[in-house]
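# A look at the structure
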Amino acid sequence: MPSYTVVGASRGIGLEYVSQLASRSDAMVFAIVRNPEGSTHLKDVAMSSKNIHIIPGDVGAAKQVSEITGGKLDYLIHNAASTNVNTVYKGFDD
Ligand SMILES: NC(=O)c1ccc[n+]([C@@H]2O[C@H](COP(=O)([O-])OP(=O)(O)OC[C@H]3O[C@@H](n4cnc5c(N)ncnc54)[C@H](OP(=O)(O)O)[C@@H]3O)[C@@H](O)[C@H]2O)c1
């Protein structure tokens with residue numbers, strides 16, 4: 001079962017990654033968010049899916065994920081960032 005970890009999963013593109021990856025029945029999806037209680041859209045998505053684990057944290061959440069997967073992680077989607085006028089037009093490779 002492939003495991004995916006999405007950092008910055010509360011909203012925007014990160015939330016969409018979680019939603020689409022969780023629709024794959026063989027996937028395990030870890031949604032890393034700074035404020036699980038405030039992540040209302042993510043909680044709605046997770047309620048209708050059995051393979052989403054919401055984990056409080058930020059880019060340092062790898063330890064919690066590895067405790068669930070036995071040290072294995074297949075994909076890390078490092079999506080978290082704040083967008084501002086100086087960076088908004090840059091691409092993912094930037
Ligand atoms: N939207 C675009 O057109 C576009 C274009 C090019 C690149 N990008 C890049 O794509 C990514 C997502 O964009 P988006 O439009 O979906 O952004 P967004 O709606 O502003 O969402 C950003 C996400 O990152 C999280 N986050 C921000 N700083 C964090 C930190 N220090 N630690 C942990 N989580 C953090 C936020 O969590 P909280 O809810 O806790 O704040 C939120 O979940 C960003 O890296 C952005 O630079 C976007």
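Just above, that's the structure.
The structure displayed is predicted, hence computed values, not measured ones.

Another point: the side chain of Ser-3. With respect to the element layout, Ser-3 can be found in strand β1 (residues 3–7). Ignoring any residue separated from it by four or fewer positions in sequence, one finds Ser-3 in contact with Met-28, Phe-30, Thr-69, Lys-72, Leu-73, Asp-74 and Tyr-75.

The next thing to look at is the pattern of salt bridges. Opposite charge on two side chains allows them to pair when their charged atoms are near. Enumeration over the complete set of coordinates arrives at two salt bridges. Glu-37 is the salt-bridge partner of Lys-43, the closest N and O atoms lying 3.3 Å from each other. Salt-bridge contacts for Asp-74 lead to Lys-72; the nearest nitrogen and oxygen are separated by 3.1 Å. The class for Asp-74 is partly exposed, based on a relative accessible area of 32%. A relative accessible area of 44% means that Lys-72 is categorised as partly exposed.

Our next topic: the packing of aromatic side chains. Each aromatic ring pair is specified by the distance between its two centres and by the angle formed by the two planes. Following the criterion strictly, the structure yields one aromatic pair and no others. Plain terms: the ring middles of Tyr-4 and Tyr-75 are 4.7 Å apart, the flat faces sit at 10 degrees to each other, and that makes the pair stacked. Residue Tyr-4 is found in strand β1, and its partner Tyr-75 is found in strand β4 (residues 75–78); the two are separated by 71 residues along the sequence.

Moving on to the site of the ligand. Around the ligand, the surrounding shell holds 15 residues, and the nearest of these are Ser-10, Arg-11, Ile-13, Arg-34 and Asn-79. Gly-8 has a polar backbone atom sitting 3.3 Å from an oxygen atom of the ligand. The side chain of Ser-10 places a nitrogen or oxygen atom 2.6 Å from an oxygen atom of the ligand. Here the ligand has 900 Å² of accessible area as a free molecule, and 69% of this is covered by the chains. For the shell around the ligand, a count of residues per class yields six nonpolar, five polar and four charged.

Turning next to a nonpolar patch on the surface. A surface patch of nonpolar side chains, amounting to about 360 Å² of accessible area, comprises Ile-13, Tyr-17 and Phe-92. Within the secondary structure, Phe-92 sits in the segment after β4.

What follows is about the packing of helix α1 (residues 12–22) against helix α2 (residues 40–47). Contact geometry for α1 and α2: axes closest at 10 Å, N-to-C directions at 0 degrees. Comparing their axes, α2 and α1 come out roughly parallel. For the pair α1 and α2, contact is made by Leu-15, Val-18 and Ser-19 and by His-41, Leu-42 and Val-45, respectively. The residue inventory of the contact of α1 with α2, partitioned by class, reads four nonpolar, two polar and no charged.

Below, the discussion takes up the nonpolar core. The biggest cluster of nonpolar side chains holds 15 residues, and the ones touching the most others in it are Val-18, Val-29 and Ile-52. Listing elements by their share of this core, those giving two or more residues are β1, α1, β2 (28–33) and α2. Looking at this core element by element, the count peaks at four residues for α1. Val-29 has contacts with Tyr-4, Val-18, Leu-21, Ala-22, Asn-51, Ile-52 and His-53, leaving out every residue within four places of it along the chain.

What counts as what
- Residues numbered from 1 in each chain as written.
- Predicted model: local features only at pLDDT ≥ 70, side-chain atom pairs only at ≥ 80, totals over all residues.
- Heavy atoms only, no water.
- Helix = DSSP H or I, 4+ residues; strand = E, 2+ residues; numbered from the N terminus.
- Contact = heavy atoms within 4.5 Å.
- Salt bridge = Lys/Arg side-chain N within 4 Å of Asp/Glu carboxyl O.
- Buried < 20%, exposed > 50% of the residue type's maximum accessible area, 1.4 Å probe, protein only.
- Phe/Tyr/Trp six-rings, centres within 6.5 Å; stacked < 30°, edge-to-face > 60°.
- Near = heavy atom within 4 Å.
- Polar contact = N/O pair within 3.5 Å; in protein donor to acceptor, adjacent residues only side chain to side chain.
- Areas by Shrake-Rupley, 256 points an atom, 1.4 Å probe, with all protein chains shown as cover.
- Nonpolar A, V, L, I, M, F, W, Y, C, P; charged D, E, K, R; others polar.
- Patch = residues over 30% accessible without salt bridge, like charges linked within 9 Å, V, L, I, M, F, W, Y side chains within 5 Å.
- Axes fitted to C-alpha atoms, helices over the stretch in contact; angles between N-to-C directions.
- Parallel < 35°, antiparallel > 145°, perpendicular 65-115°, else oblique.
- Core = buried A, V, L, I, M, F, W, Y, C linked by side-chain atoms within 4.5 Å.

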